[in-house]
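# Understanding the architecture of this molecule
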Amino acid sequence: MHPFTLSRCSRRRLVQCLAGAAVLAGVSFGAQAAGYPDKAVTMVVPYSAGGPTDVVARLLAVPMGQSLGQTVIVENTVGAGGTIAPTRVARAKPDGYTILIHHMGMATAPALYKKLPYDPLKDFEYVGQVLDVPMTLLSRKDFPVNTFPELLDYVKKNQDKVTMAHAGTGAVSQLCSLLFMHQVGVKLTTVPYKGAGPAMNDLMGGQVDLLCDQTTQTVPVIQDGKRAKVFGVTTPKRLSSLPDIATLDEQGLKGFDVKVWHGIYAPKGTPKDVIDKLNKALNVALVDENVKKRIHELSSDLATPDKATPESLRKHLASEVARWGKVIRDAGVTAE
């Protein structure tokens, strides 16, 4: 037994013993953190395999693992509009072995759910921003229009017959759909899926009419030109990989701007030196040649060094919680 065990302390030395025990505990914990990581790290993804966030996670996992000296395992924890995964990570041991990659759904959940099991602004440590992903508006290949003006005219005349898929309540594809319907002035039949992958599969299969989805998934489909039609890009500027595809803004939906940002999080209380190691691994991944090549091919923008920091992610998340909270409340959308 250690000499600072309280049973060996006289009353008069109790304060000194407590102080000594605290110091030793700190030394022991620091040594444990200094040895991080000594086993695999699990990166939890809130959405299904093959979806946009999953694609990003798997691209980052290899170079991050090389930097950490341990395997980074990608685990898809799907359900409840993407809230099960953050709940799991928020409740995980704060030792750096369970981390979360999440998109802007981290910022929209507080407005969507009245009883959210976690607080994005209080229950996590922040590792850094990862990337921004534009979105595109697609239709099934045999949809009976070919241009955006024709699409607007068609949905206005047939809004009770047109279906618009999304990846589930709270998913960015749903928010993009809400903004589209709001600005066009229509109410289409929305079809929720358990992830972007299944939604895209049904769009290409002709089971649904429209889908607003991230370029990480849509660019290959658009470039082959055989499985879907594209009507526009959701960012104010055209994409370098799709220079001939006009933005929705320039086609009449003024101010339409939806891009998906991603960040990496750890449970609250994770030691700073562990966060520092995770942040270093993230920054190594962001300059990895394979990651840069693949992200460029998917028309996405990797975070710059000033954004790939814990403080930058914290500030950005807070501002996005405020921004999307207003949008969601004004639209009257809830997940419950």
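Before any of the text, the structure's been laid out above.
As a starting point, this report considers the structure included with it.

Right, let's get into the pairing of strand E2 (residues 72-76). Taken together, the 5 bridges between strand E1 (residues 41-45) and E2 define a ladder with parallel strand orientation. Each bridged residue has a counterpart across the sheet, and for Met43 the counterpart in E2 is Val74. Each parallel crossover has a hand, and the one from E1 via helix H2 (residues 52-68) to E2 is right-handed.

Moving on, we get to helix H3 (residues 84-91). Buried within H3 we find Ala85, Pro86, Thr87 and Val89. Considering only its buried residues, H3 is in contact with E1, strand E3 (98-102), helix H4 (105-112), strand E4 (124-140) and strand E9 (259-267).

So, about the pattern of salt bridges. Evaluation of the coordinates by the stated rule reveals 16 salt bridges. Where Asp209 meets Arg140, a salt bridge forms, and the shortest distance between an N and an O atom there is 2.6 Å. A residue pair is termed long-range when its members are at least 10 positions apart, and Asp209 in the loop between helix H7 (196-204) and strand E7 (210-214) and Arg140 in strand E4 qualify at 69 residues. Of the two residues examined, Asp209 and Arg140, each falls in the buried class. Through salt bridges with shared partners, one network takes in Arg140, Asp142 and Asp209.

The next thing to look at is the nonpolar core. Counting 84 residues, the largest nonpolar core has Leu60, Leu151, Phe180 and Ile264 as the members making the most contacts within it. Look past the residues within four positions of Leu151 in its chain and what remains in contact with it is Leu137, Phe143, Val145, Phe180, Leu210 and Phe231. Grouped together as the second largest cluster of nonpolar side chains are 16 residues, Ala165, Val219, Ala228 and Leu239 included.

Let's shift gears to the side chain of Thr235. Looking at the secondary structure, you find Thr235 in the loop between strand E8 (228-233) and E9. Taking the relative accessible area as the measure of exposure, Thr235 reaches 8% and is therefore buried. A polar side-chain atom of Thr235 sits 3.0 Å from the main-chain carbonyl oxygen of Lys237. Beyond its immediate sequence surroundings of up to four residues, Thr235 is in contact with Pro134, Thr247, Phe256, Asp257, Val258 and Lys259.

Moving on, we get to the state of the cysteines. Taken as a whole and judged by the stated rule, the model has 1 disulfide. Disulfide pairing places Cys176 opposite Cys212 at an S-S distance of 2.0 Å. Between Cys176 and Cys212, the S-S torsion sits near 60°, and that sign places the bridge as right-handed. Of the two residues, Cys176 sits in helix H6 (residues 172-184) while Cys212 sits in strand E7, which places them 36 residues apart along the sequence. On the basis of relative accessible area, Cys176 is assigned to the buried category, the value being 2%. Classification of Cys212 by relative accessible area gives buried; the value is 1%.

We now examine the environment of Gly206. The topology assignment puts Gly206 in the loop between H7 and E7. Gly206 sits 67 residues away from Ser139 along the chain, and the two C-alpha atoms are 8.8 Å apart.

About the criteria used
- Each chain has its residues counted from 1, following the order in which its sequence is written.
- Since the coordinates come from a predicted model, pLDDT governs what is reported: local features require at least 70, and pairs of side-chain atoms require 80 or more to be given and counted, while whole-chain, interface and lining totals use all residues.
- Side-chain measures were taken over the full set of non-hydrogen atoms in the model, leaving aside hydrogen atoms and water.
- A pair of strands is considered paired only if DSSP assigns at least 2 bridges between the two.
- Elements are defined by DSSP. Helices are runs of H or I of four residues or more, strands are runs of E of two residues or more, and each kind is numbered from the N terminus.
- Orient the strands so they point away from the viewer, and a crossover whose first-strand-to-second-strand path over the helix runs clockwise is right-handed.
- Exposure is judged per residue with a 1.4 Å probe applied to protein chains only, and the accessible area is read against the type maximum: over 50% gives exposed, under 20% gives buried, and values in between give partly exposed.
- Every residue pair with non-hydrogen atoms within 4.5 Å of one another is taken to be in contact.
- By convention in these notes, a salt bridge is any Lys or Arg side-chain nitrogen within 4 Å of a carboxyl oxygen on Asp or Glu.
- The criterion is simple. A nonpolar core is a set of buried Ala, Val, Leu, Ile, Met, Phe, Trp, Tyr and Cys residues joined through side-chain atoms within 4.5 Å.
- A 3.5 Å cut-off defines polar contacts: any pair of N or O atoms within that distance qualifies, except that in protein one atom must be a possible hydrogen donor and the other a possible acceptor, and neighbouring residues in sequence count only when both atoms are side-chain atoms.
- Two cysteine sulfur atoms form a disulfide, by the criterion used here, when they sit within 2.5 Å.

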